Structures are given as structure tokens and as C-alpha cells.
Amino acid sequence: MSSPVPLPPEPPFLSMHTAVVLLTAVVIGLVIGGLTFLSDFSAPGAVLAGLGSGGLSVPVLRSLIR
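Residues numbered from 1 in each chain as written. Predicted model: local features only at pLDDT ≥ 70, side-chain atom pairs only at ≥ 80, totals over all residues. Heavy atoms only, no water.

Description of helix 2 (residues 43-64)
Thought 1: The first and last C-alpha atoms of helix 2 sit 31 Å apart over 22 residues, in line with the 32 Å expected at 1.5 Å per residue.
Thought 2: Looking only at helix 2, the buried set comprises A46, G50, S53, G54, S57 and L61.
Thought 3: Considering only its buried residues, helix 2 is in contact with helix 1 (16-40).
Thought 4: The backbone nitrogen of G45 lies 3.4 Å from a side-chain oxygen of the residue at the head of helix 2, namely S42. (Helix = DSSP H or I, 4+ residues; strand = E, 2+ residues; numbered from the N terminus. Expected span 1.5 Å × (residues − 1). Buried < 20%, exposed > 50% of the residue type's maximum accessible area, 1.4 Å probe, protein only. Contact = heavy atoms within 4.5 Å. Polar contact = N/O pair within 3.5 Å; in protein donor to acceptor, adjacent residues only side chain to side chain.)

Focus: the side chain of S53
Thought 1: Within the secondary structure, S53 is located in helix 2.
Thought 2: A distance of 3.2 Å separates the side chain of S53 from the backbone oxygen of G50, its partner in a polar contact.
Thought 3: Discounting chain neighbours no more than four positions away, the residues touching S53 are I28, G29 and I32.

Here's the deal with unusual backbone geometry
Thought 1: Backbone geometry places F41, a non-glycine residue, at a positive phi of 55 degrees.
Thought 2: Using a relative accessible area of 61% as the deciding quantity, one classes F41 as exposed.

Concerning the environment of L22
Thought 1: Summarising the element assignment, L22 is placed in helix 1.
Thought 2: Overall, the relative accessible area of 40% leaves L22 in the partly exposed class.
Thought 3: Considered as a pair, L22 and G55 are 33 residues apart in the sequence and their alpha carbons are 9.3 Å apart.

Some thoughts on the packing of helix 1 against helix 2
Thought 1: Between helix 1 and helix 2, the shortest axis-to-axis distance is 7 Å and the interhelical angle comes to 150 degrees. Relative to helix 2, the element helix 1 lies roughly antiparallel. Remark: the crossing between helix 1 and helix 2 carries right-handed chirality. Judged by residue contacts, H17, V21, L22, T24, A25, I28, G29, I32, G33, T36 and F37 of helix 1 engage A43, G45, A46, A49, G50, S53, G54, S57, V58, L61 and R62 from helix 2.
Thought 2: Partitioning the contact of helix 1 with helix 2 into residue classes produces 11 nonpolar, 10 polar and 1 charged. (Axes fitted to C-alpha atoms, helices over the stretch in contact; angles between N-to-C directions. Parallel < 35°, antiparallel > 145°, perpendicular 65-115°, else oblique. Left-handed = near helix turned anticlockwise from the far one by under 90°. Nonpolar A, V, L, I, M, F, W, Y, C, P; charged D, E, K, R; others polar.)

Listed below in C-alpha cells is the structure:
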């Protein structure tokens, strides 16, 4: 009898680089959104500031984190 050939491991859903970049962008967005809310108590403005800063930080973090 021949032994069964083991299957190669499945690649991860996200690479470590992608996970670190996205997690850091989320943290940046939360911090900026929280600080914006504390400065003028406007929830829509804080959401827009947090989403904008988080989204704009992704390309920068992608190039910085290697």
C-alpha cells in the first residue's frame, strides 16, 4: 500500500503585511475620529475624518511597512 500524499497547506486569507497595514489604518482612523469628535462634538464630521484618514493612510503605510 502506498501512503496518501499530504496536501500542501492552504495559503492564508491575508498576508501578514496586509493585516498589519489594515490594522494600523483602522487604529489611525479611530484615533483621528475620536479626536475630531472630542474637538467639536459632531458625529458625522468625526466619522468622515476617521474614514478619510484611515483610507488615506493605507497607501502610505503600504509603502512604509516592508
